[in-house]
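Listed here are the chains, written in short residue letters.
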Amino acid sequence: MSAAESAPEARRALDPIWLGRGIALVAGVLLVLYPMLSDNLYYQNMIILSLVFAIAASGLSIITGLAGYVSLSQGAFVGLGGYTVGVLATHHPDTNVWLWMPVAGVTAGLVALILGFVAMRASGPSFVIITVAFLFLVQVIAINWRSVSGGTEGLSLPIPTWDADIANWPFYYSLVGILALQLLLTWWIRRTKLGTGLVAIRDDETKAATLGINLPVEKMIAFIASSVLVGVGGGVYGYYLTFIDPRGMFNILLSVEAMLALLVGGKATLWGPVLGAFIVEPLNEYANNNLGGGNTRLLLFGGLLVLIVLFLPQGVLPAIESLLNWVRTRGRAGLVGARIGTGGSLASLTGRLSLVDRAAAVDPPPPLLEVKDLRKAFGGLKAVDGASLVVPEGSITGLIGPNGSGKTTLFNLIDDTIHADGGEIWLAGERIDRLSPWTRAHRGLGRTFQITRLFREMTVLENVVAAQRSFSWGQLGRIAVSGSEARAAEELLEYVGMRSFRDQKARALSFGQQKLVELAQVLMLDPKLILLDEPAGGINPVLIDRMSGMIRELNSYGKTFLIVEHNMPFVLGLCDPVHVLARGHTMASGTPDQIQKDPAVVDAYLGDDFVLEDEHERTVR
Ligand code: ADP
Ligand code: MG
């Protein structure tokens, strides 16, 4: 074989995905074989503890790694599992202790549900603090509820009755099994629409809500999914210890170590938390045995955390992966410059969009969107001050007004990105101003942003599949990045001409490309009404023409638009009716002709020198 032929082989061998799978397989086999090959109890103990942390960290990778909510309550779920098993086993001495393990999982899940109701209202640092407070709260309960928990004296579990030769095996192998289940759960969630939704929440929660992602439900599922198996693992851990007490079981260090394992290994990876646990826990043992434990241990963990944050912010696994990718692609040109496609035709779209025959339209069309006396003040600034407007069904309605007149804020109120102070919003005959942003999206409202808000760390395709047209439990479990969802998304990307970019990260796109992807993303909702905030702003003239072509075509198939735009020829050539906003209220509405001739509008906004008919005087900004 020539060198030229063997090079690709070598590159494939270095493919991080296959290499990773190979290493995981070997490590898994070694893990399973270890107790049979060696009866060194010291190392078996170390592995058992590492497994407990690996379960806790892998669970954490759902709520913290995927959804971006930093939780320090993992230690509490380990403790709850341990105590559930401990309490039940001491009260029912004749029942096999293993039967209580699923109950430990259920307890953890239920408590996560209750905690979730409280904690999920907070975000950022306040969420972290609530989870820490919760850990201390359950510890205090365990200390004071002596009749059940035994108080500070703790609880002694039944001594295992099985053969001393295999003393650790049942603990060891059940933890391996629980870890496998947790990894399977994490792996599966990452692939579903739920998983894409969680990453969307991590990247930009407000934007996620406008794409129909049901924030409380998705965060709650993530929180429960990150605690149930941790509870089961905690149950096994408690049984393994045979003695549990509140200070040992509800220990903040358990939470901190799980978090550290997640950060060291790589919070956004499947195997990172496992690798991290098998690094952090042995280090912990070493510090305890050889460095005197206590403060040395804290110093060690603190130092490790600083090193990770400074040098490997993504964690060990992602660092290795990018190194391998660099080796693999070294000497080759980067991505072959993908180009914006010519775009497909709407008629060839099969799945996603409901297209309407406009011949059946009624005349005059009923209002699709009606905004009445909408108000929003930021402190003393009345950004939207009694704005009222109607968007007739099937129209391309324009919304113009000077900078700062409240156009973007009006959009924010319509889709509840910002909550209105007062006024009414009606969509297709239904009052929607009390509905959540995701319900508004499900009712048929889609919206793009003036400054695009794609999920930067997702690929273009993932960005489009992140949109959720409706809420159903079944849809959450649907696989997102392959199958029918992905096919619909690819068709829409083809339509806007961005299919060849499907695997690129959104952050690598130009502004104009982002505008196109955001349009595809919103179309994934199959909205009745699409709000576009400056679709022609900041993009080149060719794209502007493409954009207006697509708007026209989508409109001819029944989509209604409300468009904010500064490019006057664009608006006046495309939109009818046009509303004019000034200082937060609608000062005029009418056909483009009427608007251009309205002396008040010309005075306030268009300027004396504005003449649409003269192509050379498109100077209005
Ligand atoms: P437009 O889109 O018409 O240019 P905006 O709706 O963005 O105008 O802004 C209207 C006014 O409200 C501006 O004076 C702006 O500074 C203010 N504003 C907008 N959003 C906020 C906010 N989140 N907090 C405070 N002031 C805001
Ligand atoms: Mg604006």
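Positions within a chain are numbered from 1, following the residues in the order the chain's sequence is written. Going through the entries in the order they are written, you letter the chains from A and number the ligands from 1. This being a predicted model, a pLDDT of at least 70 is required before a residue's local features are given, and a value of 80 or more before pairs of side-chain atoms are given or counted; all residues contribute to the totals for chains, interfaces and linings. The side-chain numbers reported here are obtained from all heavy atoms of the structure, hydrogens and water having been left aside.

Visitor: Honestly, the overall build of the protein in this entry has me stumped. Any pointers?
Guide: Only DSSP runs of H or I reaching four residues or more are called helices, and only runs of E reaching two or more are called strands; each is numbered from the N terminus. Each helix and strand in the protein was counted, giving 27 helices and 12 strands. In terms of its C-alpha atoms, the protein occupies a principal-axis envelope of roughly 95 × 75 × 45 Å. For the protein, the residues scored as buried account for 51% of the 621 residues in total. Contacts between residues were defined by any pair of non-hydrogen atoms, one from each residue, lying within 4.5 Å. Contacts spanning at least 24 positions in sequence make up 75% of the contacts within the protein whose residues lie at least 6 apart. To measure how exposed things are, a 1.4 Å probe is used in the Shrake-Rupley method; for residues, cover is taken only from the protein chains shown. Total accessible area on the protein stands at roughly 27300 Å², and carbon and sulfur atoms take up 61% of it. In this scheme, a residue with accessible area under 20% of its type's maximum is buried, one over 50% is exposed, and one in between is partly exposed, where area comes from a 1.4 Å probe on protein chains only.

Visitor: So what exactly am I meant to see when it comes to the side chain of Ser61 here?
Guide: Its location among the elements puts Ser61 in helix α3 (residues 41-66). Setting aside chain neighbours within four positions, we find Ser61 in contact with Leu66, Thr186, Leu262, Lys267 and Pro273.

Visitor: How do you make sense of the domain arrangement of the protein when you look at a structure like this?
Guide: Accessible area lost on assembly of the parts is the figure often given for the size of an interface. Segmentation of the chain into domains, including their bounds, is taken from an automatic or database domain assignment. We note that the domain assignment places domain 1 (3-326) and domain 2 (346-620) within the protein. Computed over C-alpha atoms, the centres of domain 1 and domain 2 are 43 Å apart. Counting residues at the interface gives 25 residues for domain 1, matched by 30 residues for domain 2. A quick way to say it: buried area is the sum, across both parts, of accessible area lost when two parts are put together, with a 1.4 Å probe. Buried surface at the junction of domain 1 and domain 2, summed over both partners, amounts to about 2400 Å²; 65% is from carbon and sulfur atoms. We count a salt bridge whenever a side-chain nitrogen from Lys or Arg sits within 4 Å of a carboxyl oxygen from Asp or Glu. Linking domain 1 with domain 2 are 3 salt bridges. One salt bridge in this structure joins Glu518 and Lys207, with 2.9 Å as the shortest N-O distance. N or O atoms closer than or at 3.5 Å make up a polar contact, with two conditions inside protein: a donor-capable atom paired with an acceptor-capable one, and, for residues adjacent in sequence, both atoms drawn from side chains. Scanning the region where domain 1 abuts domain 2 turns up 18 residue pairs in polar contact (both at pLDDT 80 or more). Taken together, the elements giving at least two residues each to the side of domain 1 that touches domain 2 come down to α8 (169-191), α9 (193-203), α10 (205-210) and α11 (215-225). Per-element tally for the side of domain 1 that touches domain 2: the top contributor is α9, with 7 residues.

Visitor: Looking at this structure, how should I read the site of ligand 1?
Guide: Here a residue is near a molecule or strand as soon as one of its heavy atoms is found within 4 Å of it. Near ligand 1 the following residues occur: Phe378, Leu381, Ala383, Pro402, Asn403, Gly404, Ser405, Gly406, Lys407, Thr408 and Thr409. A distance of 2.8 Å is found between an oxygen atom of ligand 1 and a backbone nitrogen or oxygen belonging to Gly404. Calculation on ligand 1 without its partners gives an accessible area of 560 Å², and the protein chains cover 61% of this total. Those elements giving two or more residues to the shell around ligand 1 turn out to be β4 (381-392) and α18 (407-414). With 3 residues, α18 is the largest single contributor of residues to the shell around ligand 1. When residue character is reported, Ala, Val, Leu, Ile, Met, Phe, Trp, Tyr, Cys and Pro are called nonpolar, Asp, Glu, Lys and Arg charged, and the others, Gly included, polar. Of the residues that constitute the shell around ligand 1, the class distribution is 4 nonpolar, 6 polar and 1 charged.

Visitor: I tried to follow the coordination of the magnesium ion (ligand 2) on my own but got confused; where do I start?
Guide: Ideal values for angles at a metal depend on the geometry: 109.5 degrees with four tetrahedral donors, 90 or 180 degrees with six octahedral donors. At 2.0 to 2.1 Å from the magnesium ion (ligand 2) lie its protein donor atoms, namely Thr408 (OG1) and Gln450 (OE1). Here Thr408 is found in helix α18, whereas its partner Gln450 is found in the loop between β8 (445-447) and α20 (460-465), with 42 residues between them in sequence. Because no water is among the atoms considered, metal sites can look incomplete, with donors defined as N, O and S atoms within 2.8 Å of the metal, or 3.2 Å for Na, K and Ca.

Visitor: When you look at the pairing of strand β9 (residues 529-533) in this model, what are you seeing that I'm missing?
Guide: In terms of burial, β9 is a largely internal element, 5 of the 5 residues being buried. Of the two faces of β9, the one holding Leu529, Leu531 and Asp533 and the one holding Ile530 and Leu532 are both buried throughout. Strand pairing is assigned whenever DSSP identifies at least 2 bridges connecting the two strands. By the bridge criterion, 3 bridges tie β8 to β9 in an arrangement that is parallel. Residue Gly446 lies in a different strand from β9, and its bridge partner there is Ile530. In this structure, β9 lies alongside strand β10 (residues 560-564), joined through 5 bridges in parallel fashion. Looking at β10, one finds that Asp533 is bridged to Val564.

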